[in-house]
Amino acid sequence: MTTPAPRAIIWDWNGTLLDDVDLCVASLATAMTEHGLEPLGREAYRARFGWPIRDFYSSVGFVTDEAFTAGANHYLEFFWAGVAAVPLQPHAREVLQEVAALGLRQVLISATRQDQLSRQLAPHDLGGHFEAMLGVMEALDPNKEHVVTRWLSRTGLAPGEVVMVGDTNHDEEIAARLGTAFVRFAHGAQAPAPGTDSPLLDDLRDLVPLLRERLDQA
């Protein structure tokens, strides 16, 4: 059976288009130090990171609900102090332009709260690339799957016509549950698991040939 031609790209934001992993590591390190925990280095962070976010925090020592809330708030305070200076991933703007030139719709979906997502996007002037930029309702208990599901239900697109690009196992799980294709960016918040079947991007520019190939095969 012929694979449907892609018509839309769902982009993850943090770690995929925004190169904020080092800031995330530093933010968590600050919170862990504040609470008497041994901070994680970059690769240890990427190896352990995962969803639900409460489980990730518990795995690094914020075991109780009170500790999680305090640690997450310390994290967010440090993160927000530095995020305006964080750059995009290499070639992100170029790739967004090339995807648009292929005639594909693009939407940005993030586990960041909607009002905070707007603040993160402001320094980068990317709004013209996306038909929608959608965040979650709750910062400490984000559910990005609900956001993706609602957007997809409004579009009239079949799941097979959508490609999701993200940097975590959670992104890949969402794509699998919804039936969309998934492409993994290798250098984001979570190190890819060995043996993943999803295409893996060492460079965001590698996405464009993959899309062209799918368009040609459809």
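Here, the structure is the one placed above.
Residues numbered from 1 in each chain as written. Predicted model: local features only at pLDDT ≥ 70, side-chain atom pairs only at ≥ 80, totals over all residues. Heavy atoms only, no water.

With that out of the way, let us pick up helix α6 (residues 114-121). Taken residue by residue, α6 has Q116, L117, Q120 and L121 as its buried positions. Down the axis of α6, the buried side of the element spans an arc of 140 degrees, and every buried residue falls inside it. On its buried side, α6 packs onto α4 (65-82), β2 (105-113) and β3 (132-136). (Buried < 20%, exposed > 50% of the residue type's maximum accessible area, 1.4 Å probe, protein only. Helix = DSSP H or I, 4+ residues; strand = E, 2+ residues; numbered from the N terminus. Arc of directions from axis to C-beta. Contact = heavy atoms within 4.5 Å.)

Burial analysis of β3 places 4 of its 5 residues in the buried class, which makes it a mostly covered element. Sheet topology note: the β2/β3 ladder contains 4 bridges and is parallel. Bridge pairing links L108 to M133 in β3. Once you follow β2 into α6 and on to β3, the crossover reads as right-handed. (Pairing = 2+ DSSP bridges. Right-handed = clockwise from strand over helix to strand, strands pointing away.)

Moving on to the pattern of salt bridges. Under the defined criterion, the tally for this structure stands at 12 salt bridges. Two residues, D171 and K144, come together in a salt bridge whose shortest N-O distance is 2.5 Å. Highlighted residues: D171 in helix α8 (residues 169-178) and K144 in helix α7 (residues 144-155), separated in sequence by 27 residues. Each member of the pair, D171 as well as K144, is classed as buried. Here R184 ties to E172 by a salt bridge, and the two come within 3.4 Å at their closest N and O atoms. With R184 in strand β5 (residues 181-185) and E172 in helix α8, the pair connects residues that are 12 residues apart, well separated along the chain. (Salt bridge = Lys/Arg side-chain N within 4 Å of Asp/Glu carboxyl O.)

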